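Secondary and tertiary structure notes
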Amino acid sequence: MSEYYSVKTSFYGKHCPHDLVKRFGSPVYIYNERIFRERCREMAGLVSYPNFRANYSIKANSNLELLKIAREEGMLVDAMSPGEIYVLEAAGYQANEIFYISNNVSAEEMKFAVDRGILVSIDSLSQLKLFGRINPGGKVAVRFNPGIGAGHHEKVMTAGKKTKFGVNMDFVSEVKGILKEYDLKLAGINQHIGSLFLEGNAYLESVNSILSIAKQFEDLEFVDLGGGFGIPYHKQEGQERLDLSMLGESLTKLLLQWSEQYGKNVLFKIEPGRYIAAECGALLGTVHAIKQNYGTNYVGTDMGFNVLARPVMYDSHHDIEVYKNSDISGANEEMVANIVGNICESGDIIARGRRLQKVEEGDILGVMDAGAYGYSMASNYNNRLRPAEVLIRESGEAVLIRKRDTLEDLIRNFII
Ligand code: LLP
């Protein structure tokens, strides 16, 4: 237990995972406020360029309580849907703090943001024309695709030559034409090259690209460089963290140099999601069955892919910690097993061939670094209930910040 990362970071504070599960049920997402705040501050202080803000990309985790904390930390936010805008408003965010990064949206959705005075980023020439028709003379941002992607999986590379995102950087003059036609003011341009990089080269390269696009437009208020800052999911194997100070220094140099040439201290933004939320969260679940099927060990838990989709969707790795029910049994024994959930699909695997301290029924497993794209991608598949979310406050108190779904929730929207 002592070499556990959760012990090093005092993740559960004074609480023991078994007590948390007894109190809040299983499975359950546990968040740590101190870690969440630390990550907000690291991102806000990434560069020493004077006009810089970090946007929290709330798709990673949009729990209302975390959003309120992000706001206290001075984070701006981006939203990807009217739903995210709605939740942000509920958390106290003002229109001028929200950036709506739209992608293939209806006129109604664009209006939803425009009517609230929220700046919209547009993702294609055809949607820029639509925006012009809806809001002629208005302010707008355009998302460019710098032709370079990065990410931990093909599915999360959001720029480059093979993705649906952004306006091809060769279309600057077409963009200018549409801006002129509808008398639109281009407030800023943005990009997002993909999710999870652990060394900064591709990011820096993409920043160079977007800066080369930015200089073709006059009088921009901001340039948004995107998110994607990775976290080490393989901590148990000693994986290194992204070197933020090195990346920050290189970025600062680039931004200072560029704005000197541009003749204006443009606002630079980044939009991290994962970096802020991932490490503040762990998913706790209970072992209900141990079995061997034709030579493979299976540890059967209540953490199906309805609770955490990442391993199934992207073959993502999460470190797993075993919290034994009793200190005596199996303390020095190990096993290699597939850790699986309770969903009726054989792909329902959280970890494949994982070496673990020997696990028995009643033990609790902690799936680490699950704060980003964990709950936000959870579903009711198999009519399972999405878990509760609990926050360990800086004061040490553990508080329920979202209830577990109820059975009634499952039939709430049916017309009977
Ligand atoms: N900005 C835009 C426009 C995005 O599309 C995204 C993420 C972000 C910012 C934040 O990226 P981050 O800093 O979190 O890498 N579900 C996947 C990740 C999908 C990311 C989609 N876009 C996963 O669990 O790995």
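Not measured: the values here are computed from a predicted model. (Residues numbered from 1 in each chain as written. Predicted model: local features only at pLDDT ≥ 70, side-chain atom pairs only at ≥ 80, totals over all residues. Heavy atoms only, no water.)

1. Comments concerning the environment of Gly295
Inspection of the secondary structure assignment puts Gly295 in the loop between β11 (281-293) and β12 (296-301). For Gly295, a relative accessible area of 61% puts it in the exposed group. Considered as a pair, Gly295 and Ala54 are 241 residues apart in the sequence and their alpha carbons are 50 Å apart. (Helix = DSSP H or I, 4+ residues; strand = E, 2+ residues; numbered from the N terminus. Buried < 20%, exposed > 50% of the residue type's maximum accessible area, 1.4 Å probe, protein only.)

2. Quick look at the environment of Gly226
Residue position: Gly226 is located in the loop between β9 (222-224) and α10 (244-262). Assessed through its relative accessible area of 0%, Gly226 is described here as buried. Those residues in contact with Gly226, other than ones at most four positions away along the chain, are Gln191, His192, Tyr203, Lys269, Ile270 and Glu271. (Contact = heavy atoms within 4.5 Å.)

3. Some thoughts on the environment of Ser81
Its location among the elements puts Ser81 in the loop between β3 (76-79) and α5 (82-90). Separated by 330 residues in the primary sequence, Ser81 and Ile411 have C-alpha atoms spaced 25 Å apart.

4. Things to note about the packing of helix α9 (residues 201-214) against α10
Axis separation between α9 and α10 bottoms out at 11 Å; the angle between their running directions is 10°. Regarding the angle of α9 to α10, the classification is roughly parallel. Contacts from Tyr203, Leu204, Val207, Asn208, Leu211 and Ala214 of α9 reach α10 at Leu247, Ser250, Leu251, Leu254, Leu255, Trp258 and Tyr262. (Axes fitted to C-alpha atoms, helices over the stretch in contact; angles between N-to-C directions. Parallel < 35°, antiparallel > 145°, perpendicular 65-115°, else oblique.)

5. What to know about the pairing of strand β5 (residues 119-122)
Regular strands place side chains that alternate from one sheet face to the opposite one. Going residue by residue along β5, you find Leu119 and Ser121 tucked away on one face and Val120 and Ile122 tucked away on the opposite face as well. Pairing geometry for strand β4 (residues 98-101) and β5, over three bridges, is parallel. When the sheet's bridge partners are listed, Tyr100 is paired in β5 with Val120. For the segment spanning β4, helix α6 (residues 107-115) and β5, crossover handedness is right-handed. Here two bridges tie β5 to strand β6 (residues 139-145), and the two strands are oriented parallel to one another. Residue pairing across strands places Ser121 opposite Ala141, the latter belonging to β6. You can see the chain leave β5, run along helix α7 (residues 125-134) and come back into β6, and the turn it takes is right-handed. (Pairing = 2+ DSSP bridges. Right-handed = clockwise from strand over helix to strand, strands pointing away.)

6. What about the packing of helix α3 (residues 33-44) against helix α4 (residues 64-72)?
Between α3 and α4, the shortest axis-to-axis distance is 10 Å and the interhelical angle comes to 45°. When the interaxial angle is binned, α3 and α4 end up oblique. In this structure, the crossing between α3 and α4 has a hand that is right-handed. On α4, the residues touching Glu33, Phe36, Arg37 and Cys40 of α3 are Leu66, Ile69, Ala70 and Glu72. (Left-handed = near helix turned anticlockwise from the far one by under 90°.)

7. Considerations on the side chain of Asp363
Here Asp363 shows up in the loop between β15 (349-357) and β16 (364-367). For Asp363, a relative accessible area of 1% puts it in the buried group. Engagement of the side chain of Asp363 in a polar contact is seen with the backbone nitrogen of Asn325, the distance being 2.8 Å. At a separation of 2.7 Å, a polar atom in the side chain of Asp363 contacts the main-chain amide nitrogen of Glu360. (Polar contact = N/O pair within 3.5 Å; in protein donor to acceptor, adjacent residues only side chain to side chain.)

8. Overview of the state of the cysteines
Taken as a whole, this structure holds zero disulfides when the rule is applied. For the unlinked cysteine Cys40, the closest cysteine sulfur is that of Cys280, found at 8.7 Å. Using a relative accessible area of 1% as the deciding quantity, one classes Cys40 as buried. (Disulfide = S-S within 2.5 Å.)

9. Considerations on the site of the ligand
The local shell around the ligand holds 18 residues, among which Ser195, Glu271, Arg274, Arg310 and Tyr373 are the closest. Measuring from an oxygen atom of the ligand, one finds a side-chain N or O atom of Tyr373 at 2.6 Å. By residue class, the composition of the shell around the ligand is six nonpolar, seven polar and five charged. Split by domain, the shell around the ligand shows at least three residues from each of two domains, domain 1 (5-29 + 279-411) and domain 2 (33-278). (Near = heavy atom within 4 Å. Nonpolar A, V, L, I, M, F, W, Y, C, P; charged D, E, K, R; others polar. Domains from an automatic or database assignment.)

10. Some thoughts on α4
Along α4, the residues classified as buried are Glu65, Leu66, Leu67, Ile69 and Ala70. Looking at the buried positions of α4, the neighbouring elements they touch are β1 (28-32), α3, β2 (52-57), α5, β17 (388-392) and β18 (398-402). Sitting at the head of α4, Asn63 places a side-chain oxygen 2.9 Å from the backbone nitrogen of Glu65. One or two residues past the end of α4 sits Gly74, with phi positive at roughly 80°.

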